[in-house]
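Structural characterization, general
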Amino acid sequence: MSEESRIAAFGDALRTAFTQFKAQEAVIRQQATTALSDKLIVPGDGEALLERRTRRFLIDPMLRALDWNPDDPNKVTEEARSWAENGDRLYFDYLGVSQRGAPTLLVEAKGADSVSARPPREDNVSASRMPLLISEALGKLKTGDNPGILAQWVDWLKDLRSYVTSFGEAERATLKRVVITAGRWLIIFRNPSAAFIDGGAPDWSEIHCFVSPEEIVERHGEIHKLLARRRLINTLPLTMNLGEALQILNPTALSKAYRGVVVATSMTGSRRSEFPLRAVYPAIVLLSGGRAFAVVDYNANPAIEPRDASQLGTFTADLTAKGERFQQRVLNAFNRLDLEMSSAVHFPINIREPEFGSAFAPEPGSTDALAPAAPVRPQLVRQTGEHNTQHEFLVITGQGWFYKAAPPKGPECDFHNFPIAKKRGFAGSDGRFEHVADSFTLSGDPQNCQHADLLDLRRSRCQVLQLESHLCCRTCIFHEVCWETTELNRLPCGT
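Everything numeric here is computed off the predicted structure, so don't read it as measured data. (Residues numbered from 1 in each chain as written. Predicted model: local features only at pLDDT ≥ 70, side-chain atom pairs only at ≥ 80, totals over all residues. Heavy atoms only, no water.)

**Some remarks on the overall build of the chain**
Secondary structure assignment for the chain yields 16 helices and 13 strands. Residues counted as buried form 49% of the 495 residues belonging to the chain. Put simply, the chain shows about 24,700 Å² of open surface, and 49% of that area lies on carbon and sulfur atoms. (Helix = DSSP H or I, 4+ residues; strand = E, 2+ residues; numbered from the N terminus. Buried < 20%, exposed > 50% of the residue type's maximum accessible area, 1.4 Å probe, protein only. Areas by Shrake-Rupley, 256 points an atom, 1.4 Å probe, with all protein chains shown as cover.)

**Quick word on the packing of helix α3 (residues 130-143) against helix α4 (residues 151-165)**
Running from N to C, α3 and α4 point in directions that differ by 70°, and their axes come no closer than 11 Å. With respect to α4, the element α3 is oriented roughly perpendicular. Both α3 and α4 take part in a crossing whose hand is right-handed. Listed contacts from α4 to I134, A137, L138, L141 and K142 of α3 are V154, L157, K158 and R161. Class assignment for the residues of the contact of α3 with α4 results in six nonpolar, no polar and three charged. (Axes fitted to C-alpha atoms, helices over the stretch in contact; angles between N-to-C directions. Parallel < 35°, antiparallel > 145°, perpendicular 65-115°, else oblique. Left-handed = near helix turned anticlockwise from the far one by under 90°. Contact = heavy atoms within 4.5 Å. Nonpolar A, V, L, I, M, F, W, Y, C, P; charged D, E, K, R; others polar.)

**Section: the packing of aromatic side chains**
Using the criterion set out here, one finds 13 aromatic pairs in the structure. Ring centres of F92 and F167 lie 5.4 Å apart, and the angle between their planes is 45°; this geometry places the pair in the tilted category. Here the residue F92 occupies a position in strand β2 (residues 89-97), and F167 occupies one in the loop between α4 and α5 (169-174), the gap between them amounting to 75 residues. For the pair F92 and F167, a shared accessibility class is recorded, and that class is buried. Seen from their ring centres, W153 and W185 are 5.4 Å apart, and the 45° between their planes marks the pair as tilted. Placement of the pair is W153 in helix α4 and W185 in the loop between β4 (177-181) and β5 (186-189), with a sequence separation of 32 residues. With respect to burial, W153 and W185 carry one shared label: buried. Through a chain of ring-to-ring contacts, three or more aromatic side chains come together here, namely F92, Y163 and F167. Across from the ring centre of W68, 5.5 Å away, lies the NZ or CZ of R229, which sits over that ring. (Phe/Tyr/Trp six-rings, centres within 6.5 Å; stacked < 30°, edge-to-face > 60°. Lys NZ or Arg CZ within 6 Å of the ring centre and 35° of its normal.)

**With respect to helix α11 (residues 312-333)**
With 22 residues, α11 ought to run about 32 Å at 1.5 Å a step, and its terminal C-alpha atoms sit 31 Å apart, in line with that. Among the residues of α11, L312, F315, L319, K322, G323, F326, Q327, V330 and L331 are the ones counted as buried. Down the axis of α11, the sector holding all buried residues measures 160°, keeping them to one side. Exposed and oriented more than 90 degrees from the buried face of α11 are T314 and R325. (Expected span 1.5 Å × (residues − 1). Arc of directions from axis to C-beta.)

**Some details on the pairing of β5**
Residues L186 and I188 of β5 are buried on one face, and the alternating residues I187 and F189, pointing to the opposite face, are buried as well. Between the antiparallel neighbours β4 and β5 lie four residues, among them G183 with a positive phi of about 85°. Strand direction decides the pairing type here: β5 and strand β6 (residues 207-210), joined by four bridges, are antiparallel. Bridging across to β6, I188 finds its partner in H208. (Pairing = 2+ DSSP bridges.)

**Topic: the environment of L226**
By secondary structure assignment, the location of L226 is in helix α8 (residues 220-227). Separated by 37 residues in the primary sequence, L226 and F189 have C-alpha atoms spaced 9.5 Å apart. Dropping the residues within four chain positions of it, L226 is found in contact with R177, I188, R190, H208 and L232.

**Some words on unusual backbone geometry**
For D67, which is not glycine, the phi dihedral falls at a positive 70°. Looking at where D67 falls in the secondary structure, it is placed in the loop between α2 (45-65) and β1 (76-83). With relative accessibility at 31%, the residue D67 sits in the partly exposed group. One non-glycine residue with positive phi stands out, namely N335, at about 55°. Following the sequence through the fold, N335 ends up in the loop between α11 and α12 (367-370). For N335, a relative accessible area of 64% translates into the label exposed.

**Examining the environment of A257**
With respect to the helices, strands and loops of the structure, A257 is situated in strand β8 (residues 254-268). Take A257: its relative accessible area is 0%, and that puts it in the buried class. If we ignore the near neighbours within four places in the chain, the residues touching A257 are V285, L286, L339, E340, M341 and S342.

**Digging into the side chain of T165**
Within the secondary structure layout, T165 lies in helix α4. A relative accessible area of 17% places T165 in the buried class. A polar side-chain atom of T165 sits 3.1 Å from the main-chain carbonyl oxygen of S162. (Polar contact = N/O pair within 3.5 Å; in protein donor to acceptor, adjacent residues only side chain to side chain.)

Written as structure tokens, this is what we have:
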């Protein structure tokens, strides 16, 4: 869908929402009046009842049309909680979050009868004048002067300040918009930190006001550009099937290709004897516009990694055959048979998952600041980000199809076996004797490592740690990524 089509659809959704609210408004008000007269609610609760109906008929549809679906907890948390600086509990009506859970959009809802911003003893203020009024009020609130705005709005602006200040520094950096709305009017703060944290009055041009349903509908394109989810965060998925990829990716913009797999681990069996099942799907990882996209062969017959290590060679051969066929499908579909599969060693180090708060360096003298800087390596394993998939990862394997080799490379080694490692004084307190979600190798498998010192060393550099907690580095295709050649030669394997 084009940007113009999305904006038009948003406008249609707004018109429908206002029409439906108008059709139900008399009934809603009668329900509140009846509930009050029958003493089902106490005086003052009628406004709360109207706010709930406002959210249902006006605010929820608007957010849904902007792809901030209140029914999707991966996008919006309703009644999200935080703490004010004075220790009071805070509740946000809506908190829109990114794919990594970072706060992005904060929305405060009011009942449809709530008045828009204006000075005391004045009638309605125009949309052109209101941003300056709110800017000046915020500036005076910060200095303790009279804000020159309705007392109700003084409380509301104080509430918004409490909400924004309750976030930590890293969370404030990801918060892109703050909104307060009664459905019939809408105020958007484009720069929340400047509006509510920084000293002085914020730039009035970064406060956008829509003072009536007619104006909201008429200027719906501006609202969409300010609040649409895809305009505030990167909504493109990491993994997709071939049909989705053909809609999203421009074939001529594809710069490199790598083989990979999506590894999905789930628990199966009876409740008393659960065991992990690991499905492996071939993928082609394409670089476009400085980002990696994995085109995955999601199918009903994935390769299943065997728990018997002796079957690993047969499994790898089956996966390779599936992968080769899928690779041909993808390259043919994009008409890019010229793309060759690149080595994982050469995967760009600047193409990484966004890290929450990564812009903030550790303070001088802190533990992290004193620690030696870790080498910068490409990120070859990452969570797919699919809904409710804690143990689902994309592994960028490069020119191969799997990250574990059937026979380890290098000298013979006794430390694949826990009893022997323990006898020689190198084992940890517990060996790996059962398959679990983060380990598909056991003591005695040629792919397993029970050398405690080496396991500790690999924790800070291992690409596949979330998949294989006890994998022997010499059986992993990423050993040249994780270790320098001189380091690899000094590993205690076989000694």
